[in-house]
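Per-entry structural report
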Amino acid sequence: MAYTDSNVRPTQTEATPLLEQVETIRLEANTQLDENQRSELGQFMTPAPLARLMASMFNNLTGDIHLLDAGAGVGSLTTAVTEEACNRFVKPRSITANTYELDTLLTEHLKTSMQLCQHTCTDNRIDFKSNILNTNFIDEAVTLLQGDVFSERLAPRFNRVILNPPYYKINSGSTTRQQLSSVGIETVNLYAAFVALSIKLLEDGGELVAITPRSFCNGPYFKPFRQLLFGQMTIKQIHIFKSRNKAFKGDTVLQENIIFHAIKEQTDNPITITSSSCAEDKEVSVREVSQQNVVCRNDPDMFIHIPTSKEDGDIAVAARSLPCSLNDLGLKVSTGRVVDFRAKEYLQMEPSTTTVPLIYPTHFKQGFIAWPKTNSRKPNALKACSGTDKLMVPSGVYTLVKRFSSKEERRRIVAAVFDPKKINSQQIGFENHLNYFHNNGKGLSLSIAKGLALFLNSSLVDQYFRQFNGHTQVNATDLRSLRYPTLKQLKQLGSHYKSKLPEQDVVDKIIEKTLFCQN
């Protein structure tokens, strides 16, 4: 149901800036919301400094603005755009704000915010109209895109979009997933669904600014979303925060978030990369890079790299210059087959004559696997029987990589060598929180495995990996996307890997000398 503003002017202090007035509303609304429900549904409303930063990214706020704000909350983002437009030298003729918000508690606050926007626009001789839609944005957007003859709004005019969408996983068999598929959108999270629908509803030449988790930058699940994003839009600016908990200060948001500004057109113009400690930070680093440095043309997965400094750019050049893919090396990487909660009946805390070693990340020690682990909270063994045959791999030398790095670890990628001489067994189980490098399902030579582990534990790989991976998860797809040294170089690297992994500075010197300083 659409809502048009009342003529009753709210009583607010004239000296208080518009967005600060709405910030007071946001803080009050926060106290009325159920904290557990907010976290569960990914409802994190936009603080004023962050909203102001996002609104400032729009290139053009002139003419007739038809704004879409889906998941509007109390209207902080729409208010920020209104304030920004009113403060610019060339002002728009009109602003039509289309705000979607399901929570009826928030829509009451949203009405007040829109009244404030209307009166500020009146003071600046700008026509303002708001449509507050207390309905499901996905339902409505899908209907609009399908051109349902029963829809009341067949021809939406959105030429500006600003979003802080909800962060919530979409189940594969859900109605939501089916709705999205019906309009050509395949994604696993609501935030990407909101952005994708908004892109499709945006007019050609229109602008979009969104703050989302950085997880869409890599990984197979977001590949269709990246294809849609770069197939229809050109990214103009990406802003990242140096600390993952600074964007939504006051809320328990631990994902690494980015803001991106994109235009619905295809150009080859450079992308501006900016970074700051928080939205209020006046010391913002700015760097322009080519689109090729953000998304490589020859990358079939379309991973998004965010080099924020010249050093990052140099690291990317060095990492991409390496000669081999995993296929070139004849190697593969897979995820451990043992999902422990699905194999509970076969797990044993201690090994016996009827079990095989079960390797977890907890068994990593000084670059090798130390098994069994005494007093471990994780099982050390997997029962060998017909029910576990497909969960095991033949004994051999493998390079293992943790799929999740802990906060205490300095590197995102943590690798170790599984040496069967240290663990006597015909078969092994690798738990699902591990990736393992292999040769068509079999082990590697010890020198190659050591060389791979040393390479993957280097600062070069760590710093390059962080440019496209904004979380602590390391997927097999991520590892396949990397370039690698030749087999000869890997053997050379492995020759420096003795009874334990060398110290970090030594690892990095070996990498530099072996890969980049030879004639």
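With that settled, consider the overall build of the chain. On a plain count of helices and strands, the chain comes out with 17 helices and 20 strands. A compact globule built from 519 residues would reach a C-alpha radius of gyration of about 24 Å, and the chain, at 26 Å, matches this within 12%. By its C-alpha atoms, the chain is 80 × 55 × 45 Å across when sized along the principal axes. Relative to its full complement of 519 residues, the chain shows a buried share of 56%. In the chain, the proportion of contacts linking residues at least 24 apart, taken out of those at least 6 apart, comes to 78%. When the accessible surface of the chain is totalled, it reaches about 23,400 Å², and 48% of it is carbon and sulfur. Both charge centroids of the chain, one from 59 positive and one from 53 negative side chains, sit 10 Å from each other.

For the pair helix H6 (residues 137-146) and helix H7 (residues 175-182), interaxial distance at closest approach is 10 Å and the crossing angle is 25°. Classified by the interaxial angle, the pair formed by H6 and H7 is roughly parallel. Crossing of H6 against H7: the hand is left-handed. Judged by residue contacts, Ile 138, Asp 139, Val 142 and Gln 146 of H6 engage Thr 176, Gln 179, Leu 180 and Ser 182 from H7. Class assignment for the residues of the contact of H6 with H7 results in three nonpolar, four polar and one charged.

Of all six residues making up strand E8 (residues 271-276), six are buried, and the element is well covered by its neighbours. Side chains Ile 271, Ile 273 and Ser 275 of E8 all project onto a buried face; the interleaved residues Thr 272, Thr 274 and Ser 276 project onto the opposite face, where all are buried too. Direction of pairing for strand E6 (residues 234-241) relative to E8: parallel, over a ladder of five bridges. Residue Gln 237 lies in a different strand from E8, and its bridge partner there is Thr 272. Here E8 pairs with strand E9 (residues 285-289) via five bridges, running antiparallel. Its bridge partner being in E9, Thr 272 is matched across the sheet by Glu 288.

Here the focus is the nonpolar core. Among the nonpolar cores identified, the biggest contains 53 residues, and Phe 137, Leu 197, Leu 208, Phe 216, Leu 229, Ile 238 and Phe 260 are the most heavily contacted of them. Here this core takes ten residues from helix H8 (residues 190-201), the largest share from any one element. Ranked by size, the runner-up nonpolar core spans 44 residues in total, among them Ala 316, Phe 437, Val 507 and Ile 510.

Glancing now at the pattern of salt bridges. Close approach of charged atoms allows side chains of opposite charge to pair. Per the stated rule, a full pass over the model turns up 13 salt bridges. The closest approach of N and O atoms between Arg 177 and Glu 186, which form a salt bridge, is 4.0 Å. Given a relative accessible area of 18%, Arg 177 falls into the buried group. Glu 186 gets classed as partly exposed once you look at its relative accessible area, which sits at 36%. A salt bridge links Arg 214 to Glu 256; the nearest nitrogen and oxygen atoms lie 2.9 Å apart. Of this pair, Arg 214 sits in the loop between strand E5 (202-213) and helix H9 (223-232) while Glu 256 sits in the loop between E6 and strand E7 (257-263), and the two are 42 residues apart along the sequence. By relative accessible area, which is 12% here, Glu 256 ends up buried. Within this structure, Glu 20, Arg 52 and Glu 83 form a network of salt bridges that share partners.

Residues at a pLDDT of 70 or more form 90% of the chain, whose mean pLDDT is 89. Of the regions scoring below 50 in pLDDT, residues 1-13 engages in 30 contacts with residues more than four places distant in sequence or in other chains.

So, about the environment of Lys 236. Locating Lys 236 in the fold gives a position in strand E6. In sequence terms Lys 236 and Ala 449 are 213 residues apart; their C-alpha atoms lie 41 Å from each other. The contact partners of Lys 236, leaving out residues within four places of it in the chain, are Asn 59, His 261, Ala 262, Ile 263, Thr 267, Asn 269, Pro 270, Ile 271 and Thr 272.

Attention shifts here to the pairing of strand E17 (residues 398-402). The buried count for E17 comes to five of five residues, which makes it a mostly enclosed element. What you see with E17 is no split at all: Tyr 398, Leu 400 and Lys 402 on one side and Thr 399 and Val 401 on the other are buried throughout. The sheet contact formed by E17 and strand E18 (residues 415-418) spans four bridges and is antiparallel. Residue pairing for E18: Val 401 is matched across the bridge by Ala 415. Here E17 pairs with strand E20 (residues 434-438) via four bridges, running antiparallel. Across the sheet, Val 401 pairs through a bridge with Asn 435, a residue of E20.

Two modes of strand pairing occur in sheets, parallel and antiparallel, and in both the strands are linked by backbone hydrogen bonds. If you trace the nine strands from one edge of the open sheet to the other, you get E3-E2-E1-E4-E5-E7-E6-E8-E9, paired in mixed fashion. Whereas interior strands pair on both sides, the edge strands pair on one side only; in this sheet they are strand E3 (127-133) and E9. The sheet shows a mean angle of 15° between the axes of neighbouring strands, direction not considered. Of the strands in this sheet, strand E2 (92-100) and E3 are in contact with helix H5 (residues 104-123), which crosses E3 at around 170°. With respect to the sheet, H6 is in contact with strand E1 (63-70), E2 and E3, its orientation differing from that of E2 by roughly 115°.

Look at the link from Trp 371 to Pro 372: it is a cis peptide, with omega at -5°. Tracing the backbone shows Pro 372 in the loop between strand E14 (368-369) and strand E15 (381-383). The backbone phi angle of Gln 366 is positive, close to 55°, even though this residue is not glycine. Summarising the element assignment, Gln 366 is placed in the loop between strand E13 (364-365) and E14. Using a relative accessible area of 51% as the deciding quantity, one classes Gln 366 as exposed.

In this section: the environment of Gly 147. Tracing the backbone through its elements, the reader meets Gly 147 in the loop between H6 and strand E4 (158-163). You can call Gly 147 partly exposed: its relative accessible area is 39%.

Next up on the list: the domain arrangement of the chain. Split into domains, the chain comes out as domain 1 (18-289) and domain 2 (326-517). For domain 1 and domain 2, the distance between their C-alpha centroids amounts to 40 Å. Taken over both partners, the interface formed by domain 1 and domain 2 buries close to 680 Å², and the fraction arising from carbon and sulfur atoms is 39%. Linking domain 1 to domain 2 there are one salt bridge. Two residues, Glu 256 and Arg 412, come together in a salt bridge whose shortest N-O distance is 3.8 Å. Here domain 1 is connected to domain 2 by three residue pairs in polar contact (both at pLDDT 80 or more). Here the residues of the side of domain 1 that touches domain 2 are counted per class, giving two nonpolar, three polar and three charged.

What counts and what doesn't
- Residues numbered from 1 in each chain as written.
- Predicted model: local features only at pLDDT ≥ 70, side-chain atom pairs only at ≥ 80, totals over all residues.
- Heavy atoms only, no water.
- Helix = DSSP H or I, 4+ residues; strand = E, 2+ residues; numbered from the N terminus.
- Rg over C-alpha atoms; globule rule 2.2 N^0.38 Å.
- Buried < 20%, exposed > 50% of the residue type's maximum accessible area, 1.4 Å probe, protein only.
- Contact = heavy atoms within 4.5 Å.
- Areas by Shrake-Rupley, 256 points an atom, 1.4 Å probe, with all protein chains shown as cover.
- Lys, Arg positive; Asp, Glu negative; His and termini not counted.
- Charge placed at Lys NZ, Arg CZ, Asp CG, Glu CD.
- Axes fitted to C-alpha atoms, helices over the stretch in contact; angles between N-to-C directions.
- Parallel < 35°, antiparallel > 145°, perpendicular 65-115°, else oblique.
- Left-handed = near helix turned anticlockwise from the far one by under 90°.
- Nonpolar A, V, L, I, M, F, W, Y, C, P; charged D, E, K, R; others polar.
- Pairing = 2+ DSSP bridges.
- Core = buried A, V, L, I, M, F, W, Y, C linked by side-chain atoms within 4.5 Å.
- Salt bridge = Lys/Arg side-chain N within 4 Å of Asp/Glu carboxyl O.
- pLDDT = per-residue confidence, 0-100.
- Domains from an automatic or database assignment.
- Buried area = accessible area lost by both parts, 1.4 Å probe.
- Polar contact = N/O pair within 3.5 Å; in protein donor to acceptor, adjacent residues only side chain to side chain.

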